[in-house]
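Given next are the chains, with one letter for each unit.
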Amino acid sequence: MSKVGIIMGSKSDLPVMQDAIDILKGFDIEVEVDIVSAHRTPDKMFDYGKNAHKNGISVIIAGAGGAAHLPGMIASLSPLPIIGVPVKSSNSIDGWDSVLSILQMPGGVPVATVALNGAKNAGILAAQIIGTSDSCVLDKILAYKEGLKIKVNESSKNL
């Protein structure tokens, strides 16, 4: 069974990152959640980035606000796909600092970046990555997308 690592720079990021946790659990994908600060716990970050693939993790979702170095640093250390979630934090410049810190990675160190506070989409993207090699997860993604279509069509009928 595939597992997604969900890490964030501080506990204050958890309300945003909870959306990724919830959607992944809805797809019956195991999650491992931790606080890993690029600036305050660099040794922990290095250990996590270098060993996540050895610990059964298939995809990492990393959320961070402000300078938001966590996703990029994890991407520099890990062979796994990394999805970055820019978090609009209290010390943020309206979230743009987080978005640009995660989005503007140098060649060779990719981070798939979702929208500001877009942890739900990060979870869906992680599930889609896993679904490329797990037909059970793929079937759940297909059912989820069908549910989205039905919801929109029902809303349209009720206008």
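Model, not experiment: these values are computed from the prediction. Each chain has its residues counted from 1, following the order in which its sequence is written. Only residues with pLDDT of at least 70 get local features here, since the model is predicted, and only at 80 or more are side-chain atom pairs given and counted; chain-wide, interface and lining totals rely on the full set of residues. Side-chain numbers come from the whole structure's heavy atoms, not from hydrogens or water.

Draft legend 1. Focus on the overall build of the protein chain. Assigned secondary structure in the protein chain consists of six helices and five strands. Each helix is a run of H or I in the DSSP string that is no shorter than four residues. Each strand is a run of E no shorter than two, and both are numbered from the N terminus. Of the regular secondary structure in the protein chain, the N- to C-terminal order runs β-α-β-α-β-α-β-α-β-α-α. For the radius of gyration, the atom set is restricted to C-alpha positions; the globular benchmark scales as 2.2 Å times the number of residues to the power 0.38. A compact globule built from 159 residues should have a C-alpha radius of gyration of about 15 Å, and the protein chain, at 16 Å, falls within 12% of that. Note on exposure labels: buried denotes an accessible area under 20% of the residue type's maximum, exposed denotes more than 50%, and partly exposed covers the range between, all computed with a 1.4 Å probe on protein chains only. The buried share of the protein chain, reckoned over its 159 residues, is 44%. Any two residues having at least one pair of non-hydrogen atoms within 4.5 Å are treated as being in contact. A sequence separation of at least 24 residues applies to 68% of the contacts in the protein chain between residues at least 6 apart. Every accessible area reported is derived by Shrake-Rupley at a probe size of 1.4 Å, with residue values counting cover from the shown protein chains alone. Only carbon and sulfur atoms are counted for the fraction: they give 56% of the accessible area of the protein chain, which is about 8,400 Å².

Draft legend 2. Spatial organisation of the layout of surface pockets. Put simply, the grid is 1 Å and covers the protein atoms alone, a cavity is a trapped set of points that fit a 1.4 Å probe, a pocket is an open set with protein on both sides within 12 Å along at least five of seven lines, and lining residues have an atom within 4 Å of a point. Grid points are joined across faces, edges and corners, and a volume is the space filled by probe spheres set on the points. Estimates place the volume of the largest pocket at around 240 Å³. Every residue lining the largest pocket is counted, 18 residues in all, and those nearest its centre are G9, S10, H39, R40 and G65. Only Asp, Glu, Lys and Arg are considered charged, only Ala, Val, Leu, Ile, Met, Phe, Trp, Tyr, Cys and Pro nonpolar, and every remaining residue, Gly among them, polar. Looking at side-chain class alone, the lining of the largest pocket contains five nonpolar, 11 polar and two charged residues.

Draft legend 3. Quick peek at the pattern of salt bridges. The rule for a salt bridge is simple: a side-chain nitrogen of Lys or Arg has to be within 4 Å of a carboxyl oxygen of Asp or Glu. Tallied over the entire structure, the rule returns five salt bridges. When the shortest N-O distance is used, the salt bridge between E32 and K3 registers 3.5 Å. Taken together, the residues span a long stretch of sequence, with E32 in strand 2 (residues 30-35) and K3 in strand 1 (residues 3-8) at a distance of 29 residues. Between D94 and K88 there is a salt bridge, with its nearest N and O atoms 2.9 Å apart.

Draft legend 4. Quick look at the nonpolar core. One finds V4, I6, L24, I29, I61 and V85 to be the most contacted residues of the largest nonpolar core, which totals 26 residues. Secondary structure elements with two or more residues in this core: strand 1, helix 1 (14-26), strand 3 (57-65), strand 4 (82-87), helix 5 (119-131) and helix 6 (135-157). Ignoring any residue separated from it by four or fewer positions in sequence, one finds V4 in contact with L24, I29, E30, V31, E32, I57, V59, I61, A126 and I130. What is meant by a nonpolar core is a set of buried Ala, Val, Leu, Ile, Met, Phe, Trp, Tyr and Cys residues, joined one to another through side-chain atoms within 4.5 Å. One finds M45, A52, A62 and L70 within the second-largest nonpolar core, a separate group that totals 20 residues.

Draft legend 5. Looking closely at the UniProt feature "domain: PurE" (unreviewed entry) in the protein chain. UniProt records the feature "domain: PurE" (unreviewed entry) for residues 2-152 in the present numbering. Helix and strand shares over residues 2-152 are 46% and 19% respectively, and the end C-alpha atoms of the span are 31 Å apart. UniProt positions are given in the numbering used here, feature names are shortened, and annotations may be inferred rather than shown by experiment.

Draft legend 6. Representation of the sheet that holds strand 3. Taken in spatial order, the five strands line up as 2-1-3-4-5 in an open sheet, and their pairing is parallel. With partners counted over all chains shown, the strands left at the sheet margins are strand 2 and strand 5 (112-113), one partner each. We call two strands paired when DSSP finds no fewer than two bridges between them. Across six bridges, strand 3 lies against strand 4 in parallel orientation. Counterpart to I61 in the pairing with strand 4 is I83.

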